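Residue-level listing of the chains:
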Amino acid sequence: ATALEFTNRRQLQIATTQHNIVIGDSTAGEDMLTSEKTTIVGSRAGDQLTTADNCTFIGADAGGAATDQDNCTYVGNAAGIAAAYANGTAVGSGALSGSPGSNCTALGYEALGGSFSGTSSVRVGVECLDAGDADNSVGVGYRALTACTANDSTALGYQAGLALTSGTGCTFVGKGANTSAATQINQTAIGCNSTSALPNEMVLGDSSVHSIRPGSA
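Note that this is a predicted model, so its numbers are computed, not measured.

Novice: Help me understand the pattern of salt bridges in this model?
Specialist: Two side chains with opposite charge may pair up if their charged atoms get near one another. A complete count under the given rule lists 1 salt bridge for this structure. For Arg44, the salt bridge is made with Asp61, and the minimal N-O distance between the two is 2.7 Å. In this pair, Arg44 sits in the loop between β3 (39–41) and β4 (56–58) while Asp61 sits in the loop between β4 and β5 (73–75), placing the two residues 17 residues apart along the sequence. Taking relative accessible area as the criterion, Arg44 reaches 37% and is therefore assigned partly exposed.

Novice: What is the right way to look at the nonpolar core in this model?
Specialist: When a protein is soluble and globular, its nonpolar side chains tend to lie buried together. Counting residues in each nonpolar core, the largest one holds 23 residues, and the members touching the most others are Ile40, Leu49, Phe57, Tyr74 and Leu96. Apart from residues lying up to four places away in sequence, Leu49 is in contact with Asp31, Met32, Ser35, Thr38, Ile40, Phe57, Ala66 and Thr67. Among the nonpolar cores identified, the runner-up in size contains 11 residues, and Ala160, Cys170, Phe172 and Ala189 belong to it.

Novice: Quick question: what am I supposed to make of the confidence of the model for the chain here?
Specialist: The predicted coordinates of low-pLDDT regions are not to be read in fine detail. In the predicted model, the chain carries a mean pLDDT of 86, and the fraction of residues at 70 or more is 88%. In this model, residues 1–6 is a region of pLDDT below 50 whose contacts with residues beyond four sequence positions or in other chains number 4 contacts.

Novice: So what exactly am I meant to see when it comes to the environment of Thr165 here?
Specialist: Here Thr165 shows up in the loop between β10 (154–156) and β11 (171–173). Judged by relative accessible area, which is 27%, Thr165 ranks as partly exposed. Distance from Thr165 to Ala181, taken between C-alpha atoms, is 9.0 Å for residues 16 residues apart in sequence. Sequence-distant contacts of Thr165, that is, excluding residues within four places in its chain, are made with Ala147, Cys148, Thr149, Ala150, Ala182 and Thr183.

Novice: Explanation requested: the side chain of Ser121 in the structure shown.
Specialist: For Ser121, the location among the structural elements is in the loop between β7 (105–107) and β8 (122–124). For Ser121, a relative accessible area of 0% translates into the label buried. A polar contact of 3.1 Å, which involves the side chain of Ser121, links it to the backbone oxygen of Thr119. For Ser121, the side chain forms a polar contact with the main-chain nitrogen of Asn136, separated by 3.5 Å. Ser121 has contacts with Asn103, Cys104, Thr105, Leu112, Phe116, Ala134, Asp135, Asn136 and Ser137, leaving out every residue within four places of it along the chain.

Novice: Can you help me understand the state of the cysteines in this one?
Specialist: Each disulfide is one covalent bond, formed between the sulfur atoms of two cysteines. If you walk through the whole model with that rule in mind, you get 0 disulfides. Note on Cys55: no disulfide assigned, nearest cysteine sulfur contributed by Cys72 at a separation of 4.8 Å. By relative accessible area, Cys55 is classed as buried at 0%. Cys170 carries a free sulfur, and the closest cysteine sulfur to it, the one in Cys148, is 7.7 Å from it.

Novice: Looking at this structure, how should I read a nonpolar patch on the surface?
Specialist: Together, Leu156, Val173, Ile190, Met202, Leu204 and Ile212 make up an exposed nonpolar region whose accessible area comes to about 550 Å². Position of Val173 among the secondary structure elements: in strand β11. With relative accessibility at 30%, the residue Val173 sits in the partly exposed group.

Novice: How should I be thinking about the environment of Tyr74 in this particular structure?
Specialist: Structurally, the position occupied by Tyr74 is in strand β5. Taking the C-alpha atoms as reference points, Tyr74 and Gly46, 28 residues apart in sequence, are found 9.7 Å from one another.

Novice: Please explain the environment of Ala177 as it appears in this structure.
Specialist: With respect to the helices and strands, the residue Ala177 is situated in the loop between β11 and β12 (178–179). With relative accessibility at 0%, the residue Ala177 sits in the buried group. Taking the C-alpha atoms as reference points, Ala177 and Ile190, 13 residues apart in sequence, are found 6.4 Å from one another.

Novice: Teacher, can you tell me more about the packing of aromatic side chains here?
Specialist: In this description, an aromatic ring pair is defined by two values, namely the gap between the centres and the angle between the planes. Under the counting rule described, the total for this entry stands at 2 aromatic pairs. Measuring from ring centre to ring centre gives 5.3 Å for Phe57 and Tyr74, while their planes differ by 10°; the resulting arrangement is stacked. A residue pair is termed long-range when its members are at least 10 positions apart, and Phe57 in strand β4 and Tyr74 in strand β5 qualify at 17 residues. Each of the two residues, Phe57 as well as Tyr74, counts as buried. Ring geometry for Tyr142 versus Tyr158: centroids 5.5 Å apart, planes at 20°, classification stacked. Taken together, the positions of Tyr142 in the loop between β9 (138–140) and β10 and Tyr158 in the loop between β10 and β11 put the pair 16 residues apart, joining distant regions of the chain. For Tyr142, a relative accessible area of 33% corresponds to the partly exposed category.

Parameters and conventions
Residues numbered from 1 in each chain as written. Predicted model: local features only at pLDDT ≥ 70, side-chain atom pairs only at ≥ 80, totals over all residues. Heavy atoms only, no water. Salt bridge = Lys/Arg side-chain N within 4 Å of Asp/Glu carboxyl O. Helix = DSSP H or I, 4+ residues; strand = E, 2+ residues; numbered from the N terminus. Buried < 20%, exposed > 50% of the residue type's maximum accessible area, 1.4 Å probe, protein only. Core = buried A, V, L, I, M, F, W, Y, C linked by side-chain atoms within 4.5 Å. Contact = heavy atoms within 4.5 Å. pLDDT = per-residue confidence, 0-100. Polar contact = N/O pair within 3.5 Å; in protein donor to acceptor, adjacent residues only side chain to side chain. Disulfide = S-S within 2.5 Å. Patch = residues over 30% accessible without salt bridge, like charges linked within 9 Å, V, L, I, M, F, W, Y side chains within 5 Å. Areas by Shrake-Rupley, 256 points an atom, 1.4 Å probe, with all protein chains shown as cover. Phe/Tyr/Trp six-rings, centres within 6.5 Å; stacked < 30°, edge-to-face > 60°.

Laid out in structure tokens, this is it:
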């Protein structure tokens, strides 16, 4: 068969009544029952989906664990492959490939991948927060918060919050903004290579910063 021919394997299915489109091998979207307004493209993509609505899965194995979770969008090889909760968005190979809860957004290779199992979290960047079960967290940047297992932390920048593990309520802004007290709470480090070492502490800048000058009135 040529690339434009459809053999006895179900490679193309368009269900106009439910407004669904399925393009892939014989397993793609094979269990869809009452799903509506759903698009599936890719080998084994959405192969367990049954009743979920308003979903888009594009890429081999994308949305591989989704069954009845509405409003999910997974784009990329194995994107959202283990995600089984509603309102998930993943763009990138292996993004959201851990076991995330609901309301998670991941953009980048293996962002929210690995052993991540938290909820209501946002990650933008390669290998960004890919461990633990941190809820309500935001990481933006390569490997930002990658080892974090606690809740309510925010990291913005290349490897920001890289060392944080079980400390909660922490904020890191800037390339390499980090902590030397991985389990302490409420740490804030702002500035390139700034490092917090104590709980309930705010650090501005690294050791080379010698003054803070407010703007003119």
